[in-house]
Amino acid sequence: MSRAAELEDLIARRDVYAVLTRYCTALDRADVEMMRTVYWPDGVDIHGIFEGNAGEFVEFIISEITQYFEMGTHCLLNVDIDVKGDIACAESYLYSACRIRANMAESMLGSRYLAHWSGKGLDTGNEQFVMAGRYLDRLERRDGEWRIARRQVVMDWNDSNPSNQILDQGMFADLRPRGEWGKGDPFYATHP
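Quick caveat, the model's predicted, so the values are computed rather than measured.

### With respect to the overall build of the chain
When helices and strands are counted, the chain shows six helices and six strands. Traced from its N-terminal end to its C-terminal end, the chain shows the element sequence α-α-β-β-α-β-β-α-α-β-β-α. A principal-axis box enclosing the C-alpha atoms of the chain has dimensions of 65 × 35 × 30 Å. Buried residues in the chain amount to 40% of all 192 residues. For the chain, contacts bridging at least 24 residues in sequence account for 66% of all contacts bridging at least 6. In the form shown here, the chain has an accessible surface area of approximately 10900 Å², with 52% of it arising from carbon and sulfur atoms.

### A few points about the sheet that holds strand β4 (residues 87-100)
Read across the sheet, six strands follow the order β2-β1-β6-β5-β4-β3 without closing on themselves; strand pairing throughout is mixed. At either end of the open sheet lies a strand with only one pairing partner, and these are β2 (51-53) and β3 (69-84). When the angles between neighbouring strand axes are averaged without regard to direction, this sheet yields 15 degrees. Alignment of strand β1 (residues 39-46) against β2, held across three bridges, turns out to be antiparallel. By the bridge assignment for β2, isoleucine 46 is matched with glutamate 51. Against the sheet, helix α1 (residues 3-29) engages β1, β3, β4, β5 (127-142) and β6 (145-162), with an angle of about 165 degrees to β3. In this fold helix α3 (residues 54-68) packs onto β1, β2, β3 and β4, with an angle of close to 60 degrees to the strand it touches most, β1.

### With respect to unusual backbone geometry
Residue proline 177 is reached from arginine 176 by a cis peptide bond, and omega for that bond is 0 degrees. A positive phi angle is found at alanine 30, which is not glycine, with a value near 55 degrees. Relative to the helices and strands, alanine 30 resides in the loop between α1 and α2 (32-36). With relative accessibility at 17%, the residue alanine 30 sits in the buried group. With phi around 50 degrees, aspartate 143 is a residue other than glycine that occupies positive phi space. On the secondary structure map, aspartate 143 appears in the loop between β5 and β6. The exposure class of aspartate 143 is exposed, given its relative accessible area of 86%.

### Quick notes on the nonpolar core
Judged by nonpolar contacts, the single largest core of 45 residues is most densely connected at Tyr23, Met35 and Tyr39. A per-element tally of this core places α1 first, with eight residues.

### Overview of the packing of α1 against α3
Here α1 crosses α3 at 50 degrees, and the two axes come no closer than 9 Å. Considering their axes alone, α1 and α3 lie oblique with respect to each other. Residue-level contacts link Tyr23, Ala26 and Leu27 of α1 to Phe57, Ile61, Ile62 and Ile65 of α3. Of the residues assigned to the contact of α1 with α3, the class counts are seven nonpolar, no polar and no charged.

### So, the environment of leucine 94
Structurally, leucine 94 can be placed in strand β4. With a relative accessible area of 3%, leucine 94 lands in the buried category. Sequence-wise, leucine 94 and aspartate 156 are 62 residues apart; in three dimensions their C-alpha atoms are separated by 9.4 Å. Among all residues touching leucine 94, those that are not within four sequence positions of it are His74, Cys75, Met131, Ala132, Gly133, Arg134 and Tyr135.

Procedures and definitions
Residues numbered from 1 in each chain as written. Predicted model: local features only at pLDDT ≥ 70, side-chain atom pairs only at ≥ 80, totals over all residues. Heavy atoms only, no water. Helix = DSSP H or I, 4+ residues; strand = E, 2+ residues; numbered from the N terminus. Buried < 20%, exposed > 50% of the residue type's maximum accessible area, 1.4 Å probe, protein only. Contact = heavy atoms within 4.5 Å. Areas by Shrake-Rupley, 256 points an atom, 1.4 Å probe, with all protein chains shown as cover. Pairing = 2+ DSSP bridges. Axes fitted to C-alpha atoms, helices over the stretch in contact; angles between N-to-C directions. Core = buried A, V, L, I, M, F, W, Y, C linked by side-chain atoms within 4.5 Å. Parallel < 35°, antiparallel > 145°, perpendicular 65-115°, else oblique. Nonpolar A, V, L, I, M, F, W, Y, C, P; charged D, E, K, R; others polar.

If you want it as structure tokens, here you go:
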């Protein structure tokens, strides 16, 4: 591969990686506008809980996460990107940890979860959901811009249990700012 081809490949991988991480930021800030910059309008998302047009998925997923979760964190771990011209395929390992809203525990985790913890001091305001899996993406470069054309989510494992979150004691009582959904999050002060 020539030096020019290596440089083009490196730039494409950088740009693809930026799309993949921007998805996580958009999701964790519940930012519909940012999420729209991740997918092509004619893109497809196969998410398990949704299968269809990516534009419809954007509206769906932001509504769902803010309805079911108090806060969430989505991280990419191993990311393998293969670029061939204006097409890139990526497998990104996903790790997600989310705080479930108190009134959503049963609909999110099921009655077996609640029955398991019943009588064991379960505080239904403190559930956490952890999932590990992979994003399998096909991205396309159109007019010099990379976006996702097709995404499939694969769940490898999950774990849910009562949380030991501490917000009002020790160092956590003073640790500020705290993350939040939307434009009030500190992210937007550094990324206007």
